[in-house]
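# An overview of the molecular structure
Okay, here's what each chain looks like letter by letter:
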There are 2 protein chains.
Amino acid sequence: NGDATASRKSLSGVELVSVLNDKTSQKAIFVHGRIASAKSEQTADDAVILLEKKPFNQSQLQEILSSQTKLTVDLENDIYSTYTAYPPPLVSDIKATIICPAAEKHIRKYMKQKLTVVRETKEDYLNITMPFLEKQIASNVFNLQWVFNILEHKAETERVLFEDDNKNTGFMLMPDMKWDRSDVKSLYVMALPHKRGLKSIRDLTAEHIPLLENIQTKGLEVIEKLFKIPANELRVYFHYQPSYYHLHVHINHIELDLPGTEALRAHLLSDVIENLKLTGDYYQNKTFTFVLQENNFLFTEFAKANKALN
Amino acid sequence: NGDATASRKSLSGVELVSVLNDKTSQKAIFVHGRIASAKSEQTADDAVILLEKKPFNQSQLQEILSSQTKLTVDLENDIYSTYTAYPPPLVSDIKATIICPAAEKHIRKYMKQKLTVVRETKEDYLNITMPFLEKQIASNVFNLQWVFNILEHKAETERVLFEDDNKNTGFMLMPDMKWDRSDVKSLYVMALPHKRGLKSIRDLTAEHIPLLENIQTKGLEVIEKLFKIPANELRVYFHYQPSYYHLHVHINHIELDLPGTEALRAHLLSDVIENLKLTGDYYQNKTFTFVLQENNFLFTEFAKANKALN
């Protein structure tokens, strides 16, 4: 315990303070703990401990399907039976991440945030969201320089998958940071339009249909050519609210389970094109329904305007 | 092994045939195996074995955070370190389900199905989907009697949460089968309209706005009153394609992680109402984009018409 340079060999000496977030569907749990300090045995440091069960390792299946895995019966009925099974320790490994000493911001980062459904009418956008975004952009809080660096070939040039350099209808295809490119079934590509000033789908009108159709046609053709994944295995959508305010399209494999694909955040490119053809100001007039975490800055703006609570 | 009446005590004698589906994000794996037959030691029965890691049990956290959990270091850098951790066997329990002897249909049920994105235009609906649905309904393959039994108070009467009995705008609120009602954070309620003949949102026109607004207003009021969950913590949506063809609304807590909430299947009630106000035939004209498994009957119809592949 006292030796700062030695690696930790077990979770001994970790005191449980509280559970920050219990992510049951991912079989993960985030914990606030205290660990005896390396500097002094009298004191303890705050720590964030992230525990996550691992997926089954196919190469260990034969070891699990053996006499080493003990069963207790929960239910037996005809051909169906359910058990609680205790596999041998070596195949029950979990991933543990320790942040220690952890500052207040680390603890807050992993704390479960209350989620709220927000309805943003056209008026809410004009009175709350847009002024907030413009203030953030003007004061450089929402820094888009990294996007402009990509579009101007000043950064990540070796990662570019495709470029159509037309100023109005052109775009670049880049692998998303979350995709390591080793497995096409996890394909995740972003399309970044060259056109500036389109913050999100709120700004799209009928005049942008050629840009959107170009991404849908040429973008998906390129992906099929490069990765042999046809359009009918791809999910192609925008986020609203997006995580950054230069318009971009998410393209990923339908086998991928991703949090941002739900109807409260994802808007299919094909639906967006069809709605703009129906009426060019569809997205200016639309009431958007989306989820915000209560620590989100935009949530604070809606709360100030008494708009977040119904 | 030879005793048919004794409960299984371990997974010994289970031979691995193949992995049917490796659901890594859920930390589950479905396996086709063979188990020595209870009738004769010379033969073996086909079996489907479903293994799923359990969420962390908060009451066992102190046991995990102890010297019993051994660590091997993956990375140590400043305040961040990651480990592979081996907790004691008793807290590494997994859920095992065995179906044995398993027929071909059981094996096929748990086999990973290829997914395909299908685009259903107005014409595709009229020429492919609608004739297929009507044939299925006429021949009673899509049996809606269980829904009518609920609406006519012939079944599940003790489960009814609320009823508005107006024939045109009325509906019933029922807890979904997946919700055990023990935890309001897992709230999952269905709204079933009394009106017959609305198969899905494809059939909705401006004349149904009063029904939809009634569900949105009165339905959510009732839920807040019964379960203290306000509307801004609820996800309210239709499925397209739905799993049964009597119109119904899914209402669940936004904290719930559910597969059917993604943009390729879920359509928010608030968006549906807004689109019908914009143009009454919005859903007759819309091109729907959704995902079908290749063993889905409707997929077969689209494939026959050469429509599923692009």
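Nothing here was measured: the structure is a model prediction, and the numbers come from that model. (Residues numbered from 1 in each chain as written. Chains lettered and ligands numbered in written order. Predicted model: local features only at pLDDT ≥ 70, side-chain atom pairs only at ≥ 80, totals over all residues. Heavy atoms only, no water.)

## Observations regarding the UniProt feature "active site" (unreviewed entry) in chain A
Residue and element names in this part refer to chain A. Rules: UniProt positions are given in the numbering used here, feature names are shortened, and annotations may be inferred rather than shown by experiment. Comment: elements are numbered from the N terminus, with helices defined as DSSP H or I runs of at least four residues and strands as E runs of at least two. Under the rule applied, a polar contact is a pair of N or O atoms within 3.5 Å (in protein, one hydrogen donor and one hydrogen acceptor; residues adjacent in sequence only if both atoms are side-chain atoms).
Taking the UniProt record as the reference, the feature "active site" (unreviewed entry) is found at His248. Looking at the secondary structure, you find His248 in the loop between strand E11 (234–239) and strand E12 (249–253). Looking at His248, its side chain comes within polar contact range of the main-chain oxygen of His246, at 2.8 Å.

## Concerning the interface of chain B and chain A
Applied cut-off: Contact definition: two residues touch when any of their heavy atoms are within 4.5 Å. What gets called buried area is simply the loss in accessible area from a 1.4 Å probe that two parts show on being joined, summed for both. Every case where a carboxyl oxygen of Asp or Glu lies within 4 Å of a side-chain nitrogen of Lys or Arg is listed as a salt bridge. Gly falls in the polar group here, along with every residue not listed as nonpolar (Ala, Val, Leu, Ile, Met, Phe, Trp, Tyr, Cys, Pro) or charged (Asp, Glu, Lys, Arg). By this definition, two strands are paired if DSSP reports at least two bridges between them.
Across the contact, 94 residues belong to chain B and 94 residues belong to chain A. Of the roughly 8,500 Å² buried between chain B and chain A on both sides combined, carbon and sulfur atoms contribute 58%. Joining chain B to chain A, the criterion identifies 12 salt bridges. The interface formed by chain B and chain A holds 49 residue pairs in polar contact (both at pLDDT 80 or more) in total. Among the residues forming the side of chain B that touches chain A, the class breakdown is 44 nonpolar, 28 polar and 22 charged. Bridge analysis of strand E6 (residues 94–99) of chain A against strand E5 (residues 80–86) of chain B gives 6 bridges, and the strand direction is antiparallel. Directly across from Ile94 of chain A, in E5 of chain B, lies its bridge partner Ala85 of chain B.

## Details of the sheet that holds strand E10 (residues 188–193) of chain B
Residues and elements named next belong to chain B. Heads up, the rule is: Between the N-to-C directions of two axes lies an angle of 0 to 180 degrees, each axis being a line fitted to C-alpha atoms and, for a helix, fitted only over the stretch in contact.
Within the open sheet, the 6 strands sit side by side as E8-E9-E10-E12-E11-E13. Their pairing is antiparallel. Two strands close off the open sheet at either side, each with one partner strand: strand E8 (162–164) and strand E13 (266–268). Each strand axis lies, on average, 30 degrees off the axis of its neighbour in the sheet, ignoring direction. Inspection of the sheet shows E10 paired to strand E12 (residues 249–253) by 4 bridges, in the antiparallel sense. Looking at E12, one finds that Met190 is bridged to His250. This element, helix H5 (residues 209–227), spans E8, strand E9 (171–175), E10, strand E11 (234–239) and E12 of the sheet and lies at about 45 degrees to E9.

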